[in-house]
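Secondary and tertiary structure notes
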Amino acid sequence: MIRLSGGQAGTVVSALTGGEPPPSRQARLRRICDPVSGEEIDRGLVVWFPAPHSFTGEDMAELHLHGSGAVTARIMEILSQQPHMCLAEAGEFTRRAFENGKIDLTSAEGIADLVAAETEAQRVQALRQMEGALGRHYESWRSKLVTALAHMEAGIDFSDEDLPPRLMARNFDDILMVYNEITQHLDDKCRGERLREGICVTILGPPNVGKSSLLNALAQKDAAIVTSTSGTTRDVIEVHLDLGGYPVTLVDTAGLRASTDEVENEGVRRAVEKARKADIKLVVISPDVSPTHCEEALRFCDGEALLLLNKNDLLPDFPEFEFPLGRQSYETRGNISMSVKTGAGLPQLFECLENRFREWFSHLSSETPSLTRHRHRQALEECQACLARVLDRMKSEAIPEKTAFAGADGASLDHASTAPQGPVDGELAAEDLRLATRCLGRITGRVDVEDVLDVIFSDFCIGK
Ligand code: GDP
């Protein structure tokens, strides 16, 4: 399908089909011909979307053709010879939709995410954002702050008597409410961003416990080399998976042990680095590896780790082995006894991981859409800091003895009872409030976004 957008789209459709464009939004079978020679190139459906009711907000046409290389090449050659026609850049249709006010920037980002979505959970999040849920959420905060700013400016321009009683106190409460909601929204453990980028699950353990075998079993392919020789995996191996509808980057690492081999030591250093960044750690041990050799790996058992005893098929050969080791309890999310060889325990491991993801991404079913990009986080943090200053100014003005005040460090504020009773520290507070509204406007694309547009739309593919 070839899409055309712009003021000349109708003229070009007429030139190619030898007649008027079809009635609005109805598909019509047309002969597509070379406008110069009259030669028929193909026969296909033409759909016409007149402005402004099209995706880009401009006149648009779709040519549904037989998609062979020969047809496409000839039509593209003819199109490029038409006046005012040029090939679209990556994301240009969405960019025009944004520039013509059809969508906001968060919706445009949602389209890019939906095109790139590889798992069900990513699809749900992207669709919601594309439909404008995130944009509306930020816009509602912005409009509350714009109202508060208007009241504050009225407070600067008019004397107390001209203003409704307690106007400033109400203003304070409204700003405080937005501040608290933003603080809560930011305190999300980066779930939305993680869902976009993939959850990092890192497999750790001493050499030879079956880490690479586990990676292959979870990935259901031979991604890593499995041998009985210790120290085979020397670098980090990453596999991208769809686990129960959630995007996962599964990482196999070099076995954790002290070595004199420089390459192996570098592998161990990288393994430790990966472990630190992991969202979930799978710490693997096995009965045929001595507890002393497992110690290094067991240090990584924490609230985000699962302790896995692999090779439980060998337990009869190691009657002395105790799991968890030496009856010591580790602060893990759970322990699973399993065998990659027999498949025992693997369903429990899958279930445990899926439950963890479901719990983690429960926000997908919550009313509030999640923050999905670092760009949003930066702007919200800036907005939060501006609002903290506004509240601080309003409060210090109203209360002679300034009390401790929780600021942009994320702590919630609760000062309704101490809200000011009249116009306050006017100009400075108003300026900060104006900055706060601009931060929110930057996320949805209402203000100051010229410099980020190229970055955002370059993530798109051609024709979107
Ligand atoms: P890694 O060094 O921790 O990555 O371990 P590998 O995955 O390379 O496995 C080391 C050896 O243990 C290989 O010979 C595997 O076939 C074997 N192995 C892996 N999992 C199991 C298991 O569940 N039971 C038994 N008996 N052997 C296993």
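Small disclaimer: the values here were computed from a predicted structure and weren't measured.

Attention now moves to the sheet that holds strand 8 (residues 280–285). Strand order in the open sheet formed by six strands is 6-7-5-8-9-10, with mixed pairing between adjacent strands. Bordering the open sheet on either side are strand 6 (237–243) and strand 10 (334–337), each of which pairs with just one other strand. Ignoring strand direction, the axes of neighbouring strands in this sheet form an average angle of 25°. Of the strand pairs in this sheet, strand 9 (residues 305–309) and strand 10 are connected by four bridges, and their pairing is parallel. Residue Leu306 lies in a different strand from strand 10, and its bridge partner there is Gly334. Sheet strands in contact with helix 9 (residues 211–219) are strand 5 (199–204), strand 6, strand 7 (246–252), strand 8 and strand 9, and its direction is about 160° off that of strand 7.

What follows covers the site of the ligand. The environment of the ligand is formed by 17 residues, the closest being Asn208, Lys211, Ser212, Ser213 and Asp313. Contact between the ligand and Lys341: an oxygen atom at 3.1 Å from a main-chain N or O atom of the residue. Contact with the protein chains hides 84% of the accessible area of the ligand, taken as 590 Å² for the molecule alone. Of the residues assigned to the shell around the ligand, the class counts are five nonpolar, eight polar and four charged.

Right, let's talk about the side chain of Asn312 for a bit. Relative to the helices and strands, Asn312 is located in the loop between strand 9 and strand 10. Classification of Asn312 by relative accessible area gives buried; the value is 18%. Within the local environment of Asn312, its side chain forms a polar contact with the side chain of Ser337, the two groups lying 3.0 Å apart. Setting aside residues no more than four positions away along its own chain, Asn312 makes contact with Ser337, Met338, Ser339 and Ala344.

So, about the packing of aromatic side chains. When we look at a pair of aromatic rings, we describe it by the centre distance and by the angle of the planes. Tallied over the entire structure, the rule returns four aromatic pairs. Measuring from centroid to centroid gives 6.1 Å for Trp360 and Phe361, while their planes differ by 20°, and the two rings are stacked. When sorted by exposure, Trp360 lands in the same class as Phe361, which is buried. Across from the ring centre of Trp360, 4.8 Å away, lies the NZ or CZ of Arg356, which sits over that ring.

Let us now look at the confidence of the model for the chain. Across the chain, pLDDT averages 83, with 81% of residues at or above 70. Segment residues 399–412: pLDDT under 50, and 26 contacts once partners within four positions in sequence are set aside and those in other chains are kept.

Once that is clear, we can look at the packing of helix 9 against helix 12 (residues 346–360). Two elements in contact, helix 9 and helix 12, have axes separated by 12 Å at closest approach and are oriented at 70°. By the criterion of interaxial angle, the relationship of helix 9 to helix 12 is roughly perpendicular. Along its contact with helix 9, which presents Leu214, Ala217 and Leu218, the element helix 12 presents Leu346, Leu349 and Phe350.

Scoring rules and cut-offs
- Residues numbered from 1 in each chain as written.
- Predicted model: local features only at pLDDT ≥ 70, side-chain atom pairs only at ≥ 80, totals over all residues.
- Heavy atoms only, no water.
- Pairing = 2+ DSSP bridges.
- Helix = DSSP H or I, 4+ residues; strand = E, 2+ residues; numbered from the N terminus.
- Axes fitted to C-alpha atoms, helices over the stretch in contact; angles between N-to-C directions.
- Contact = heavy atoms within 4.5 Å.
- Near = heavy atom within 4 Å.
- Polar contact = N/O pair within 3.5 Å; in protein donor to acceptor, adjacent residues only side chain to side chain.
- Areas by Shrake-Rupley, 256 points an atom, 1.4 Å probe, with all protein chains shown as cover.
- Nonpolar A, V, L, I, M, F, W, Y, C, P; charged D, E, K, R; others polar.
- Buried < 20%, exposed > 50% of the residue type's maximum accessible area, 1.4 Å probe, protein only.
- Phe/Tyr/Trp six-rings, centres within 6.5 Å; stacked < 30°, edge-to-face > 60°.
- Lys NZ or Arg CZ within 6 Å of the ring centre and 35° of its normal.
- pLDDT = per-residue confidence, 0-100.
- Parallel < 35°, antiparallel > 145°, perpendicular 65-115°, else oblique.

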